[in-house]
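# Topology and contacts: notes
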Amino acid sequence: MVGAGAAGLSLALRLARPPVSAVRLDTVLLAAPPGPVRTPPRTWCFWEQGGGPYDDALAASWERLRVRGADGTAVTAGITPLRYKMLRSGAFEALAARALADGPVSRVEATAERVTPVRDGALVHARRADGEGVVVRARWVFDSRPLPRLPPARTTLLQHFRGWFVRTARPEFDPSVVELMDFRTPQPAHGLSFGYVLPVGPHEALVEYTEFSRRVLDRVEYDRALRDYAERVLGLRGFEVTACEQGVIPMTDADLPRQTAPCAFRIGAGAGATRPSTGYTFSAVQRQTGAVADALHGGRHPLPPRPHSARARLMDSVLLHALDRGRVDGPAFFTRLFREVPAPRLLRFLDGRTSLAEDLGIGAHVPVAAMLASALALPLAPRRFPPAT
């Protein structure tokens, strides 16, 4: 496996715990050494019912979410039987290190440079931090690295964000509820923006500024927007920033290839695990890597499945087109959905786990004329390569 992010580690953990009747699979996990190639620390959020395999590593979890409209009107909803969970990459890596110790998965710190198909397998050429070359021969290769360039798409928006982990002297946060989307931020001319608050205690939270738009901001712009949100909107004073995180998540209707050679595949975001309409990835990664591990343990061809159904991908494509063309007011669109649709059902919809009848019911709460116009225009929209970020 190439890459030790969410997808690579999730697949490694599943392969390290085979079913009783399965054949042991010797696995090599190539992880980039510390340095510019390694992905910086990040936070993943997802929802699931009841306990999960990573609960011991969670930073926090919640049973209530809140969305605030641009006018400050709040919609607070319980999501039982689901829980919204926050997992930091460092804790996930530590959990994986403990679980993979003395098992069938060997970790090698080296940067993969290329994958070469050979008879009945592939060669992965990599290089250690000291410059030493490493070559791994494998029957199957699963690559979870980010794509060097996105394929052409009818619509590509970027979900880009910067977050501060803050500590306050006074109790400023309600640790029982997540501010999922707070639209009291200045809205860009194109796209939408919102604040996002994950409270891990009365005095500590991850406070983020997020945009859906065509271009990323520079560091000064992010920090200006974050400070405005923290101080003007949230009213925080005298807080300490203990850590930062920043990222870009492509929201695209591009067709992402899952197979790059007869024995080489992509998994994770590069194989379509990111939900185009929301940017959420972690739950789909679990479904995808679970299916791959089941295929390997069962001796079947391990082509990673598409994590989202054709119906979900079509709905996302229409929504992206409508947002990109300015046919819908993003803050009003999402606020209305959370106000009028029961939150557990809406989260299942965002995870692609609702029936056709439920999807049609949720569709009654969106601007039908605008969405229909985008649906009719979509087949005529050309596919283009997105500009480099």
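Below, the structure is looked at part by part.

Quick notes on the rules
- Within any chain, residue numbers begin from 1 and follow the written order of that chain's sequence.
- Thresholds applied to this predicted model are a pLDDT of at least 70 for local features of residues and 80 or more for the giving and counting of side-chain atom pairs; totals over whole chains, interfaces and linings are not thresholded and use all residues.
- Calculation of side-chain values draws on the structure's entire complement of heavy atoms; hydrogens and water are dropped beforehand.
- In this analysis, rings of Phe, Tyr and Trp, with Trp reduced to its six-membered ring, are considered paired at centre separations within 6.5 Å, and the interplanar angle assigns stacked below 30 degrees, edge-to-face beyond 60, and tilted for intermediate values.
- The helix and strand labels rest on DSSP assignments: H or I over at least four residues marks a helix, E over at least two residues marks a strand, and numbering proceeds from the N terminus.
- Only protein chains enter the calculation, and the probe is 1.4 Å; a residue is then buried if its accessible area is under 20% of its type maximum, exposed if over 50%, and partly exposed in between.
- Placement of a positive charge over a ring is assigned whenever Lys NZ or Arg CZ falls within 6 Å of the ring centre and within 35 degrees of the normal to the ring plane.
- Here the nonpolar core consists of buried residues drawn from Ala, Val, Leu, Ile, Met, Phe, Trp, Tyr and Cys, with membership extended through side-chain atoms lying within 4.5 Å.

## Concerning the packing of aromatic side chains
- According to the stated counting rule, one finds 16 aromatic pairs in the structure shown.
- Seen in terms of ring centroids, tyrosine 54 and phenylalanine 92 are 4.9 Å apart; in terms of plane orientation they differ by 75°. Their pairing is edge-to-face. Here phenylalanine 92 lies in helix 2 (residues 89-100) and tyrosine 54 lies in the loop between strand 2 (43-49) and strand 3 (60-62), a separation of 38 residues in the sequence. Residues tyrosine 54 and phenylalanine 92 agree in their burial class; the two are buried.
- Aromatic pair tryptophan 140 and phenylalanine 265: ring centres 5.8 Å apart, planes at 40°, arrangement tilted. Residue tryptophan 140 is located in the loop between strand 10 (133-138) and strand 11 (141-143), and its partner phenylalanine 265 is located in strand 18 (residues 264-266); the two are separated by 125 residues in the primary sequence.
- Judged by its relative accessible area of 22%, tryptophan 140 is partly exposed.
- The exposure class of phenylalanine 265 is buried, given its relative accessible area of 1%.
- Ring-pair connections join several aromatic residues into one group, and the members of that group are Trp44, Phe46, Tyr54, Phe92 and Phe282.
- Positioned above the aromatic ring of phenylalanine 165 is the side chain of arginine 88, whose terminal nitrogen or guanidinium carbon lies 3.9 Å from the ring centre.

## Things to note about the nonpolar core
- Membership of the largest hydrophobic core comes to 45 residues, with the highest contact counts inside it found for Tyr84, Val178, Leu180, Tyr196, Leu198 and Met371.
- With 33 residues, the next largest nonpolar core counts Phe46, Leu100, Phe142 and Val292 among its residues.

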